Amino acid sequence: MTSLVTKVHVPRLVGHRGAKASAPENTLAGIRRAREEGAAWVEFDVKLTADGHPILMHDDTLDRTTDGRGLVAAASLEDIRRLDAGTRFSPAFRGERVPLLSEALGVLAELDMGFNLEIKPCKGREVETAQAAMATLAAHWPMHRPIPIVSSFSQDSLAAARGDGPDRAMFGYLADALPAGWKDEAVRLGCQSVHLGWRNLTRRQVSAVKQAGFLLLVWTVNELPRARELLEWGADAVISDCPAALVGL
Ligand code: G3P
Ligand code: MG
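Keep in mind it's a predicted model, so treat the numbers as computed, not measured.

Trainee: I'd like a rundown of the coordination of the magnesium ion (ligand 2), residues and numbers included.
Mentor: The magnesium ion (ligand 2) binds to the protein through Glu43 (OE), Asp45 (OD) and Glu118 (OE), with metal-donor distances spanning 2.0 to 2.2 Å. Each donor residue of the magnesium ion (ligand 2) lies on one chain, and together they are spaced E-x1-D-x72-E. In this pair, Asp45 is assigned in strand S2 (residues 41–48) and Glu118 in strand S4 (residues 114–119), connecting sequence segments 73 residues apart. Residue Asp45 is classed as buried on the basis of its relative accessible area, which comes to 1%.

In structure tokens form, the structure reads like this:
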């Protein structure tokens, strides 16, 4: 089948949550570290503060990655900006803040990087999160920059994101493992890439995704032999916590 992919170049190596193994995840320091380690693209997660600001954050709660506690969806931007998002990873990163999406886009532009923005909505905020993320992209990521991939496990988020900015991004169908009916869903959602977990992925599935014309990104791949095998099978890129370990793929 002819490729569905028309307008994006994704490098083989994409940093996961920045460079999760060597810097606090979903921070500006993590994005910079990924660049230093040789990744030209990063993946990161976006959700909303209580007052509707898109920030980089993976979990529904603040507890694991910051010195705060409680639900992200119940905390205002002002509250979240006071938190330390570095020390739990390492005291060397004390003072690192939870970034706004707009700030992350500024650093990505400064470093001439590309990215995979994963919409990671808190429950019930699927559409709102997608709309805020796309509005921020429209305001802070000029069209002359490399077109990003916007992905999500949430089909409601993907549909809303695409509805708001069909030309602003390429859209990625994200799943742990390839479910039945994946192709129809990915086409219905206007996706041009498929993003799958590596653990249960087979060579046959890689071929099926590629033959259907999609880009294939595989996460989270941290070992060089496994990364090489996946690329040899036909995957386009691996998303890794430790880009330094995979440089030269
Ligand atoms: O986007 C790929 C990967 O990040 C999805 O899983 O939980 O690390 O966001 P998670
Ligand atoms: Mg993610």
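Structure's up, so let's keep going.
Trainee: Outline the site of ligand 1, supporting the account with residue identities and numerical values.
Mentor: Residues in close proximity to ligand 1 include His16, Arg17, Glu43, Asp45, His58, Glu118, Lys120, Phe153, Leu174 and Trp219, which together make up its full environment. One of the side-chain nitrogen or oxygen atoms of His16 is found 2.8 Å away from an oxygen atom of ligand 1. In the complex, the protein chains occlude 91% of the 290 Å² of accessible area that ligand 1 would expose alone. Tallied by class, residues from the shell around ligand 1 come to three nonpolar, two polar and five charged.

Trainee: An account of the packing of helix H3 (residues 101–110) against helix H4 (residues 126–140) is requested, with residue identities and associated values reported.
Mentor: Following both chains from N to C, one finds H3 and H4 inclined at 40°, their axes separated by 10 Å at the closest point. The angle between H3 and H4 falls in the class oblique. You can see that H3 and H4 cross each other, and the crossing is right-handed. Counted together, Leu101, Ser102 and Leu105 of H3 and Ala133, Thr136, Leu137 and His140 of H4 form the full contact between these two elements. Class assignment for the residues of the contact of H3 with H4 results in four nonpolar, three polar and no charged.

Trainee: Can you tell me about the packing of aromatic side chains, naming the residues and giving the values?
Mentor: Taken as a whole and assessed by the stated rule, the structure comprises five aromatic pairs. For the ring pair Phe153 and Trp219, a centre distance of 6.0 Å and an interplane angle of 85° mean the geometry is edge-to-face. Of this pair, Phe153 sits in the loop between strand S5 (149–152) and helix H5 (155–164) while Trp219 sits in strand S8 (residues 215–219), and the two are 66 residues apart along the sequence. The exposure class assigned to Trp219 is buried, which follows from its relative accessible area of 18%. Put simply, the rings of Phe44, Phe115 and Trp141 pair up and form one aromatic cluster. Positioned over the ring face of Trp141 is Arg145, at 5.8 Å from the centre of the ring.

Trainee: Now, about the nonpolar core: what can you tell me, with residues and values included?
Mentor: Residues Ile31, Phe44, Leu108, Phe115, Leu117, Val150 and Val194 are the most contacted members of the largest nonpolar core, which totals 54 residues. A per-element tally of this core places H3 first, with five residues. Residue contacts for Phe44: discarding those within four places in its chain leaves Arg17, Asn26, Leu56, Leu101, Leu108, Phe115, Asn116, Leu117 and Glu118.

Trainee: Account for H5, with residues named and values stated.
Mentor: Along H5, the residues classified as buried are Ser157, Leu158, Ala160 and Ala161. Axial view of H5: buried residues confined to an arc of 170°, hence all on one face. Two or three places before Asp156, at the start of H5, stands the capping residue Ser154, its side-chain oxygen 3.3 Å from that residue's backbone nitrogen.

Trainee: Can you tell me about unusual backbone geometry, naming the residues and giving the values?
Mentor: Comment: phi is negative for the bulk of residues other than glycine, and the bulk of peptide bonds are trans. With omega at -25°, the peptide bond leading from Trp219 into Thr220 counts as cis. For Thr220, the location among the structural elements is in the loop between S8 and helix H8 (224–233). At Arg17, a position not held by glycine, the phi torsion is positive, near 50°. Here Arg17 shows up in the loop between strand S1 (13–16) and helix H1 (28–36). We note that Asn26 has phi near 55°; this positive angle belongs to a residue other than glycine. Residue class for Asn26 comes out buried when judged on its relative accessible area of 3%.

Trainee: I'd love a proper account of the environment of Asp236, names of residues and values included.
Mentor: Mapped onto the elements of the fold, Asp236 is located in the loop between H8 and strand S9 (237–240). Owing to a relative accessible area of 22%, Asp236 belongs among the partly exposed residues under this scheme. Measuring from C-alpha to C-alpha, the distance between Asp236 and Leu13 comes to 9.0 Å, with 223 residues separating the pair along the chain. Non-local contacts of Asp236, meaning those with residues more than four positions away in its chain, are made with Pro11, Arg12, Lys210, Phe214, Leu215, Leu216 and Leu231.

Here is what the cut-offs are and how they apply
Residues numbered from 1 in each chain as written. Chains lettered and ligands numbered in written order. Predicted model: local features only at pLDDT ≥ 70, side-chain atom pairs only at ≥ 80, totals over all residues. Heavy atoms only, no water. Donors = N, O, S within 2.8 Å, 3.2 Å for Na, K, Ca; no water. Helix = DSSP H or I, 4+ residues; strand = E, 2+ residues; numbered from the N terminus. Buried < 20%, exposed > 50% of the residue type's maximum accessible area, 1.4 Å probe, protein only. Near = heavy atom within 4 Å. Polar contact = N/O pair within 3.5 Å; in protein donor to acceptor, adjacent residues only side chain to side chain. Areas by Shrake-Rupley, 256 points an atom, 1.4 Å probe, with all protein chains shown as cover. Nonpolar A, V, L, I, M, F, W, Y, C, P; charged D, E, K, R; others polar. Axes fitted to C-alpha atoms, helices over the stretch in contact; angles between N-to-C directions. Parallel < 35°, antiparallel > 145°, perpendicular 65-115°, else oblique. Left-handed = near helix turned anticlockwise from the far one by under 90°. Contact = heavy atoms within 4.5 Å. Phe/Tyr/Trp six-rings, centres within 6.5 Å; stacked < 30°, edge-to-face > 60°. Lys NZ or Arg CZ within 6 Å of the ring centre and 35° of its normal. Core = buried A, V, L, I, M, F, W, Y, C linked by side-chain atoms within 4.5 Å. Arc of directions from axis to C-beta.

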